[in-house]
Structure formats: structure tokens, C-alpha cells
Amino acid sequence: MGDMVGISAGVAQSKYIALENVLNKMVSNFRNYFRLFQEIKSQVRTKIKVRWLKIFYQIDVGKGTIIRELKYVNTDYGAIRIWQNCVINALALAGPIEIGRNTLVNLYSDISGRDYKVTIGNDVLIAPRVSIMASMHNYRMKSNLIRLQGTTGGDVVIGNDVWIGTNAVILPGIHIGSGAVIGANAVVNHDVPEYAIAVGVPAKVVGYRE
Ligand SMILES: CC(C)(COP(=O)(O)OP(=O)(O)OC[C@H]1O[C@@H](n2cnc3c(N)ncnc32)[C@H](O)[C@@H]1OP(=O)(O)O)[C@@H](O)C(=O)NCCC(=O)NCCS
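Residues numbered from 1 in each chain as written. Predicted model: local features only at pLDDT ≥ 70, side-chain atom pairs only at ≥ 80, totals over all residues.

As a further point, take the overall build of the protein. Across its full length, the protein carries one helix and 22 strands. Computed over its C-alpha atoms, the radius of gyration of the protein comes to 26 Å, more than 25% above the 17 Å expected for a compact globule of 210 residues. Over its C-alpha atoms, taken along the principal directions, the protein stretches across nearly 105 × 45 × 35 Å. Counting across all 210 residues of the protein, residues that qualify as buried make up 27%. For the protein, contacts bridging at least 24 residues in sequence account for 18% of all contacts bridging at least 6. (Helix = DSSP H or I, 4+ residues; strand = E, 2+ residues; numbered from the N terminus. Rg over C-alpha atoms; globule rule 2.2 N^0.38 Å. Buried ≥ 20, exposed ≤ 12 C-beta atoms within 10 Å, placed from the backbone. Contact = placed C-beta atoms within 7 Å.)

On to the pairing of strand β22 (residues 204–208). Each regular strand shows side chains that alternate between the opposite faces of the sheet. With four bridges joining them, strand β21 (residues 196–199) and β22 adopt antiparallel strand pairing. In the strand pairing of β22, V199 is matched with K204. Between β21 and β22, which follow one another and run antiparallel, lie four residues, and G200 among them has a positive phi close to 95°. (Pairing = 2+ DSSP bridges.)

This next bit is on the sheet that holds strand β1 (residues 60–61). Note: strands within a sheet are paired through backbone hydrogen bonds, in either parallel or antiparallel orientation. A sheet is described by the order of its strands in space; here six strands give the open sequence β1-β4-β7-β10-β15-β18, paired in parallel fashion. Looking along the sheet, the strands with just one partner apiece sit at the ends: β1 and β18 (175–176). With three bridges connecting them, strand β10 (residues 118–120) and strand β15 (residues 156–158) associate as parallel partners. Across the sheet, the residue bridging to T119 is V157, located in β15.

A sheet is described by the order of its strands in space; here eight strands give the open sequence β2-β5-β8-β11-β16-β19-β21-β22, paired in mixed fashion. Looking at strand neighbours, the two that pair on one side only are β2 (66–67) and β22, the edges of this open sheet. Examined bridge by bridge, strand β8 (residues 104–105) and strand β11 (residues 125–126) share two bridges and lie parallel to one another. Within the sheet, the bridge partner assigned to L104 lies in β11 and is L125.

Geometry only, nothing functional implied.
In C-alpha cells:
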């Protein structure tokens, strides 16, 4: 009798394990299909976004470039050209802007040319929430409202293989040499030489890449 109970308990347990395996497989298949669906959805969304940006803003987007996020676009002041294989997750782009190949612009970053041009090289990494601006307000005359004093500025040029840390601010007219690294939270108000590591407010060169 004891053996019978033992055998039927064993059979029930193995049936339970088989059922658990089937369920686990179903869940994992479902997860895989869901991931695939999400991937396809994101690629279609990206393609539609790029097409839409090309048509409505005449943005020139190179092959293989992905624009996942872009909340605000302005080409009234100048064209936006993005070369091949970039990933753009930016908050805002205001032309004139030219971005080279294999460059990443991460979430909530804001690049603004307006009266001057922002040129960014190849293989540049721009972390989240970076601001790069080529113009600013004139403000000297206290007799006049700042908003009525016009703007000033200068072209911003960022070389190849530059890494800009999160929250950094690059001010008008700044040139950042190829290979440079800009620390998180830096405010860059002087040119940065090639391969320099610049940190702080205002940004100072603290070393060079070897
Ligand atoms: C600039 C950076 C790359 C340097 O990293 P590191 O080579 O490990 O340098 P260390 O941490 O040894 O710092 C060297 C010196 O610079 C200072 N420093 C480093 N980063 C700094 C920053 N962002 N702001 C101010 N000072 C900074 C350090 O305090 C240290 O000074 P000390 O020698 O007087 O103590 C790094 O600190 C940084 O800011 N990275 C950005 C990270 C980021 O934004 N990631 C987003 C995802 S892409």
C-alpha cells in the first residue's frame, strides 16, 4: 500500500514538473515574441520619425542613422545634417548643425546653432542632458531689455572621438579638439586642446589621454 502511494505521488510530481516546464517554455516564448515585437515597433517608429523629419524639416539624415527621440527641431536658422550610423536621442536640435558619422547624442541633450553653426565630428559620445549652444543674448545695456538686445556668439566645433560627460555645457565659439574628454557638469568657456581632459566650472584641463 505504502509503495502504491509512493508511486502515485512520484507520478503526480513528475506530471507537475512537466507542466511547469511547459509553462516556463510558454512564458519564455512569450517574452521573446514580446521583445521581437518591441524591437520591430521601435524600428518602424524610428523609420517613420526619420522620414517625417526629412519631409517636414528637410533634415539630411545619413544611412544607418537612428533617431529615437527628438522633441524639438528648428531648421529656420539653418540646415541640420547628420551623417551615417549615428544614434540621436536628443531633446532639441536647432540648425545649423552638422554631425559626423557614428556619433551618439544621448537623452535630453540640446544642440542649438541658430545664428552660428555647431559642427560635431565622427565617433563623438555626447552623454545625457548636455547643452551645446552657438549663440547667446547680448545683455550689457541695462537701459534695454535683454530680450531686445539681439544675440551674439560663434561657431562651435567639436572634433572626432570626443566624449562629453553628462550635464556639461559648451558655450558659444568653443572649439574642442579631437580626442578630448569633458567631465560631467563642466561648463566649457575656453577652447580645449586635442586629447585633453577638462573638468569643472569653468572647465580646466587636468590632464591628457595617453
Ligand atoms: C572626467 C572623468 C572622465 C574623469 O574620470 P577619471 O579618469 O576616473 O578621473 P578621476 O576620478 O581620477 O579624477 C581626476 C581628478 O579630476 C576631478 N574630477 C573628475 N571628474 C570631475 C568632474 N566631472 N568635475 C569636477 N572634477 C572632476 C577629480 O576630483 C580628481 O581630482 P583630484 O585629483 O584633485 O582628486 C569623469 O570624472 C567624468 O566626469 N565622467 C563623465 C561620466 C558621464 O557623464 N557619464 C555619462 C554616460 S556616457
